[in-house]
Amino acid sequence: MQIRIEKLRVKLKKEKIDALLVNDPANRRYLSGFTGTAGSLLITQQDAMLVTDFRYTEQAEVEAADYEIIEFNDSKLEMLSQLINEQQIEILGFEAEHETYDQYLKYQDKLDLELKATKGLVKEIRKVKDQTEVTKIKEAVQITEEAFFEIQQSLQPGVIERDIAAELEFLLRKKGASGKSFDFIVASGKRSALPHGVASEKEIEVGDLVTIDFGCLYKGYCSDMTRTVVVGDGPTKKQKEVYYTVLEAQQESLKGIKAGVKASDVDQVARDIITKASYGDYFGHGLGHSVGLEIHEGPRLSPKDDTVLEPGMVLTVEPGIYLPDWGGVRIEDIVVVTEDGCQVLNKFNKELIVV
Ligand code: ZN
Ligand code: ZN
């Protein structure tokens, strides 16, 4: 954690902030290793403190070894105020994207210093993953693929989408995941035209395209994977045509990913292929997003994001085509950006399969 703290300190210096108060759960975990759900980090140029209550002190001592663990009794804010005075902190940064306005008013009332709103200081550092993070994401992806392999046999006509989602979650947990990384999308038939069609009561029918978008949490890190299959009978000519357009867009954009390339340019690769096949109006979302402690992180592979890719960024690549009143196809893998390309973490088949 020391390297992460040092990176933050460089940013604090630049921003002329004496200390940063970290309450965002993902940022807190990233900077300290602490997995508890209550506690504040207070990070200065010299010190790194974790303020929490008696329920978590023991756990914090173990998990956040680089931090001085400070237990408060009645009021965390009073303890913070005391520490701030002791440390002679004059400018305190807080996480504008996380704190509520109510919380801000309380800080103003109780803390005798200048408050400075910060945005994305820690998230910026989180954009590039280190080896330990990549390893956890790899394992999350592996669990996800094993679960998908097993769920295929349940994709039968008459089965309800929601039951597939429930079974998937069970499989993921059985394989070591601590939970799901988001509400699964199981969208069959015409519903597969909904890019975010959360599993419903609909029965899967013969000939349906079924899009399954799901992922797990493993040691705090998320996976995210989508496959689209045909159930029972098919595929039809049109299903094949749409599917292989999406697959080509996915594979070509994978080839376009490497350090130094702009995120928006990778999105463009997929968009051009889909547009050329005359489905340009039906790919209504960005090509992908970063994944880490949270399911949607920056940068994004989108027309609006000009971030230059760096080695160690972990991104999804998930083009799709969604035709109203017909259905849709999406294929999603996770990759790690390298100096001269990318490593695709998924191994699962991407040919159109009939289950
Ligand atoms: Zn997904
Ligand atoms: Zn995704």
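Residues numbered from 1 in each chain as written. Chains lettered and ligands numbered in written order. Predicted model: local features only at pLDDT ≥ 70, side-chain atom pairs only at ≥ 80, totals over all residues. Heavy atoms only, no water.

K.L.:
What is the right way to read the packing of helix H7 (residues 131–151) against helix H8 (residues 161–174) from this model?
P.N.:
If you want to describe how two helices pack, look at the angle between their axes and the distance between the axes. H8 packs onto H7 with a crossing angle of 135 degrees between their chain directions and a minimal axis gap of 9 Å. By the criterion of interaxial angle, the relationship of H7 to H8 is oblique. Where H7 crosses over H8, the handedness of that crossing is right-handed. Of the residues in H8, those in contact with Ile 143, Thr 144, Ala 147, Glu 150 and Ile 151 of H7 are Ile 164, Glu 167, Leu 168, Leu 171 and Leu 172. (Axes fitted to C-alpha atoms, helices over the stretch in contact; angles between N-to-C directions. Helix = DSSP H or I, 4+ residues; strand = E, 2+ residues; numbered from the N terminus. Parallel < 35°, antiparallel > 145°, perpendicular 65-115°, else oblique. Left-handed = near helix turned anticlockwise from the far one by under 90°. Contact = heavy atoms within 4.5 Å.)

K.L.:
Sorry if this is basic, but what is going on with the sheet that holds strand S8 (residues 185–188) here?
P.N.:
Picture the strands of a sheet paired through backbone hydrogen bonds; they go either parallel or antiparallel. Strand order across the open sheet formed by three strands is S8-S9-S12, with antiparallel pairing between neighbours. Every interior strand has two partners, whereas the edge strands, S8 and strand S12 (225–230), have only one. With strand direction ignored, the average angle separating the axes of adjacent strands in the sheet is 10 degrees. As paired strands, S8 and strand S9 (residues 209–214) are joined by four bridges and run antiparallel to one another. Paired with Ile 185 across the bridge in S9 is Asp 213. Contacts from H8 reach S8 and S9, with the element oriented near 145 degrees to S8. (Pairing = 2+ DSSP bridges.)

K.L.:
Can you help me understand the environment of Lys 276 in this one?
P.N.:
For Lys 276, the position within the fold is in helix H10 (residues 263–276). On a C-alpha basis, the gap between Lys 276 and Leu 8 in space is 45 Å, while along the polypeptide they are 268 residues apart.

K.L.:
So what exactly am I meant to see when it comes to the coordination of the zinc ion (ligand 2) here?
P.N.:
Any two of four tetrahedral donors ideally make an angle of 109.5 degrees at the metal, while pairs among six octahedral donors ideally make 90 or 180 degrees. Surrounding the zinc ion (ligand 2) are the protein donor atoms Asp 224 (OD), His 289 (NE2), Glu 318 (OE) and Glu 332 (OE), which sit 2.1 to 2.2 Å from the metal. Viewed at the metal, the four donor atoms of the zinc ion (ligand 2) are separated by angles of 78 to 153 degrees, and the geometry they form is irregular. Taken in sequence order, the residues that donate to the zinc ion (ligand 2) follow the motif D-x64-H-x28-E-x13-E. Separating the zinc ion (ligand 2) from the zinc ion (ligand 1) is a gap of 3.0 Å, which Asp 224 spans by donating to each of them. Here His 289, found in strand S13 (residues 288–290), pairs with Glu 332, found in the loop between strand S17 (327–330) and strand S18 (333–338); they are 43 residues apart in sequence, far enough to count as distant. (Donors = N, O, S within 2.8 Å, 3.2 Å for Na, K, Ca; no water. Tetrahedral: all angles 85-135°; square planar, octahedral: opposite > 155°, others 65-115°.)

K.L.:
Hey, could you run me through the pairing of strand S4 (residues 68–71) in this one?
P.N.:
Bridging between strand S3 (residues 48–52) and S4 involves four bridges; their strand directions are parallel. Bridge pairing in S4 links Leu 50 to Ile 69. As a crossover connection, the stretch from S3 through helix H3 (residues 57–63) into S4 is right-handed. (Right-handed = clockwise from strand over helix to strand, strands pointing away.)

K.L.:
Is there a simple way to explain the domain arrangement of the chain in this structure?
P.N.:
Interface size is commonly expressed as the accessible surface area that is lost when the partners come together. In terms of domains, the chain is made up of domain 1 (2–125) and domain 2 (131–354). For domain 1 and domain 2, the distance between their C-alpha centroids amounts to 36 Å. Counting from both sides, the interface comprises five residues of domain 1 and, opposite them, seven residues of domain 2. Applying the counting criterion to the domain 1 and domain 2 interface returns one salt bridge. With a shortest N-O distance of 4.0 Å, Glu 133 and Arg 4 are connected by a salt bridge. In this assembly, domain 1 and domain 2 are joined by one residue pair in polar contact (both at pLDDT 80 or more). Among the elements that take part in the side of domain 1 that touches domain 2, helix H2 (residues 25–32) stands out by supplying three residues, more than any other. Residue composition of the side of domain 1 that touches domain 2, grouped by class: two nonpolar, no polar and three charged. (Domains from an automatic or database assignment. Salt bridge = Lys/Arg side-chain N within 4 Å of Asp/Glu carboxyl O. Polar contact = N/O pair within 3.5 Å; in protein donor to acceptor, adjacent residues only side chain to side chain. Nonpolar A, V, L, I, M, F, W, Y, C, P; charged D, E, K, R; others polar.)

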